[in-house]
Amino acid sequence: MAGPKATMWRLEPHSRGKHHILRRYVQAWLPIMTSSHGRVVLVDGFAGPGRYLGGEEGSPLILLKAYLEHRYRNHMTSEIVYLFIDDRADRVEHLRKEIGILELPANVQVDIQHGTYQDLFRRRLDALQESGQRLAPTFAFIDPFGYSDAPMDLTGLFLQFQRCEVLIYIPLPFVARFLDRDGQETALNALFGTNRWREGIPLSWDQRLTFLHDLFRDQLRSSGCTYVRSFEIRSGAARGYHLFFGTTSLRGLEKMKEAMWSLDPLTGQQFGDSTNGDQLVLFQAEPDTTPLLNALKEQFSNHEFSIEAAERLTLTDTPFATGHLRNRTLAPAERRGELEAITARSRVRTYAPGTRLRFRA
Ligand SMILES: C[S@@+](CC[C@H](N)C(=O)[O-])C[C@H]1O[C@@H](n2cnc3c(N)ncnc32)[C@H](O)[C@@H]1O
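Residues numbered from 1 in each chain as written. Predicted model: local features only at pLDDT ≥ 70, side-chain atom pairs only at ≥ 80, totals over all residues. Heavy atoms only, no water.

Novice: Describe helix α11 (residues 290-300), listing the residues and the values that go with them.
Specialist: Every buried residue of α11 is listed here: L292, L293, L296 and F300. For α11, the buried positions fall inside an angular range of 100 degrees around the axis, keeping them on one side. Where α11 is buried, its residues meet β9 (305-306), α12 (307-317), α13 (326-335) and β11 (356-359). At the C-terminal side of α11, S301 shows a positive phi close to 45 degrees. (Buried < 20%, exposed > 50% of the residue type's maximum accessible area, 1.4 Å probe, protein only. Helix = DSSP H or I, 4+ residues; strand = E, 2+ residues; numbered from the N terminus. Arc of directions from axis to C-beta. Contact = heavy atoms within 4.5 Å.)

Right under this line is the structure:
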């Protein structure tokens, strides 16, 4: 997957989905991280020229504006460090121009590097490791054209640092297509950090996609992410392109799920380029939370449980966000007589911190 030759290219509709999630997540991440850290870092390892042919902003500008145009910017006085990397000199030059016309406050530093993500980022992490220094909380966006340049071992090295998170775009159908082609072995071993991708070769197309998705998710988990969540970006009829998010923070997982649900209010798991992202956000769809109720019943049976335990289960074991729990799931179950509160409450069907509940047998 060579990508376009020209410096800039047209924004493909499905990339709007990618950008929506990136913007929403970083808008939520910044106030959380800056409230307890004097310095935070945002890395765009495959930054591109910063703008598309139609004038739309690319990921580096989206990351910068998530801070510059944040409504709580005045409360976020920490040092905000951006590292943008691209291996094409013309794109780096274009990005420098785009950023050169922005008015950056003194607490914002932008470092634009020409080179490959694999080399530059690895050298930075190696230097930090050797010097025994800690990395400030860092969010890395990894958005290659293909799959050869984002090795799992580098992601793993990065995730060894505390409070570091990744959002990686992987064109899985493209990977699946090349699975049995000669000469792909090194790239595929590097992408997955294992040669187990070979087990996908005898599978049918759909099974292959699912297998590769699950393998990538599991490898990301074993690289150091406690929580991994994926989101499908559909391009026309093509299925299987995925954004993978990895974090060690439950709060990070919660914020990412909120970003995903804001793009897909029905399932929180996919975006199709036939749908306009902005309209979708305004469209008030109601998700079916029956699977969440079933997961809660299965986990807690008729034992007592806390609202905090229910929130945690919602986040870690289901596709749902905590915003689906109280009014959409617990309150209707209580109204139907399936659930009772053990703790005394001042108002019915409210679930303040510390509330204890039980499903009726
Ligand atoms: C998919 S585009 C990035 C788009 C950008 N993230 C956005 O959303 O606006 C991938 C970019 O990575 C650059 N690139 C390709 N291989 C690279 C590598 N090994 N290291 C760094 N950049 C690379 C390409 O020149 C291209 O600009």
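Novice: Lay out the pattern of salt bridges with the relevant residues and their values.
Specialist: Taken as a whole, this structure holds 26 salt bridges when the rule is applied. The partner of K97 in a salt bridge is E93, and the shortest N-O contact between them spans 3.7 Å. Of the two residues, K97 and E93 both sit in helix α3 (residues 89-100), 4 residues apart, roughly one turn of that helix. Judged by its relative accessible area of 46%, E93 falls in the partly exposed class. (Salt bridge = Lys/Arg side-chain N within 4 Å of Asp/Glu carboxyl O.)

Novice: Give me the packing of aromatic side chains: which residues, what numbers.
Specialist: Any pair of aromatic rings gets described here by the distance separating the centres and the angle formed by the planes. Throughout the structure, instances matching the rule amount to 17 aromatic pairs. When the centroid spacing of 5.6 Å and the interplanar angle of 40 degrees are considered together, the rings of Y25 and F139 count as tilted. In this pair, Y25 is assigned in helix α1 (residues 13-34) and F139 in strand β4 (residues 138-142), connecting sequence segments 114 residues apart. Judged by relative accessible area, which is 1%, Y25 ranks as buried. For F139, a relative accessible area of 0% puts it in the buried group. With 5.3 Å between their ring centres and 55 degrees between their planes, F121 and F158 make a pair best called tilted. With F121 in helix α4 (residues 117-131) and F158 in helix α5 (residues 152-159), the pair connects residues that are 37 residues apart, well separated along the chain. (Phe/Tyr/Trp six-rings, centres within 6.5 Å; stacked < 30°, edge-to-face > 60°.)

Novice: How would you sum up the domain arrangement of the protein? Please name residues and give values.
Specialist: Much of the literature gives interface size as the accessible area that the parts lose upon coming together. According to the domain assignment, the protein contains domain 1 (13-282) and domain 2 (290-359). Computed from C-alpha atoms alone, the centre-to-centre distance between domain 1 and domain 2 is 33 Å. Here domain 1 packs against domain 2, burying approximately 830 Å² in sum over the two surfaces, 62% of which is carbon and sulfur. If you sort the residues of domain 1 by the area they bury against domain 2, L250, K257 and W261 come out on top, with a joint share of 57%. Connecting domain 1 to domain 2 are 0 salt bridges. Seen at the junction of domain 1 and domain 2, the total is 7 residue pairs in polar contact (both at pLDDT 80 or more). (Domains from an automatic or database assignment. Buried area = accessible area lost by both parts, 1.4 Å probe. Polar contact = N/O pair within 3.5 Å; in protein donor to acceptor, adjacent residues only side chain to side chain.)

Novice: Explain the sheet that holds β11 residue by residue, including any values.
Specialist: What the 3 strands build is an open sheet, ordered β9-β11-β10; its pairing is antiparallel. Edge positions in the sheet fall to β9 and β10 (339-341), since each has one partner strand and no second. Where β10 meets β11, 3 bridges bridge the pair, whose relative direction is antiparallel. Bridging from a neighbouring strand, A341 pairs with L357 of β11. (Pairing = 2+ DSSP bridges.)

Novice: Hey, could you go over the nonpolar core for me, with residue numbers and the actual values?
Specialist: Counting 47 residues, the largest nonpolar core has F121, F158, V175, F192, L212, F216 and L220 as the members making the most contacts within it. For this core, the leading source of residues is helix α8 (residues 205-222), giving 6 residues. Setting aside chain neighbours within four positions, we find L220 in contact with M152, T155, L159, V166, I168, C225, V228 and F244. With 40 residues, the next largest nonpolar core counts Y25, W29, I80 and F84 among its residues. (Core = buried A, V, L, I, M, F, W, Y, C linked by side-chain atoms within 4.5 Å.)

Novice: Tell me about the confidence of the model for the protein, and name the residues and values.
Specialist: For the protein, per-residue confidence averages 93 on the pLDDT scale, and 96% of positions sit at 70 or higher. Across residues 275-283 the pLDDT falls below 50, and counting only partners more than four positions away or on other chains, this stretch makes 11 contacts in the model. (pLDDT = per-residue confidence, 0-100.)

Novice: Kindly report on the layout of surface pockets, identifying the contributing residues and their values.
Specialist: Computed from the structure, the largest pocket encloses a volume of approximately 820 Å³. Forming the walls of the largest pocket are 41 residues, and the residues nearest its centre are W9, D143, P144, F145 and G146. Among the secondary structure elements, those contributing two or more residues to the lining of the largest pocket are α1, β2 (79-86), α4 and β5 (164-171). Looking at the lining of the largest pocket, the element that brings in the most residues is α1, giving 4 residues. Of the residues that constitute the lining of the largest pocket, the class distribution is 17 nonpolar, 14 polar and 10 charged. By volume, the second largest pocket is sized at about 420 Å³. Lining the second largest pocket we find 24 residues, and of these H213, D214, S230, H242 and Q269 sit closest to its centre. Breaking the lining of the second largest pocket down by element, the ones donating at least two residues are α8, β6 (227-234) and α12. Among the elements that take part in the lining of the second largest pocket, α8 stands out by supplying 7 residues, more than any other. Lining the lining of the second largest pocket are residues from two domains, each supplying at least three of them: domain 1 (13-282) and domain 2 (290-359). (1 Å grid on protein atoms, 1.4 Å probe; cavity = no way out; pocket = protein on both sides within 12 Å on 5 of 7 lines; lining within 4 Å. Points joined across faces, edges and corners; volume = space filled by probe spheres on them. Nonpolar A, V, L, I, M, F, W, Y, C, P; charged D, E, K, R; others polar.)

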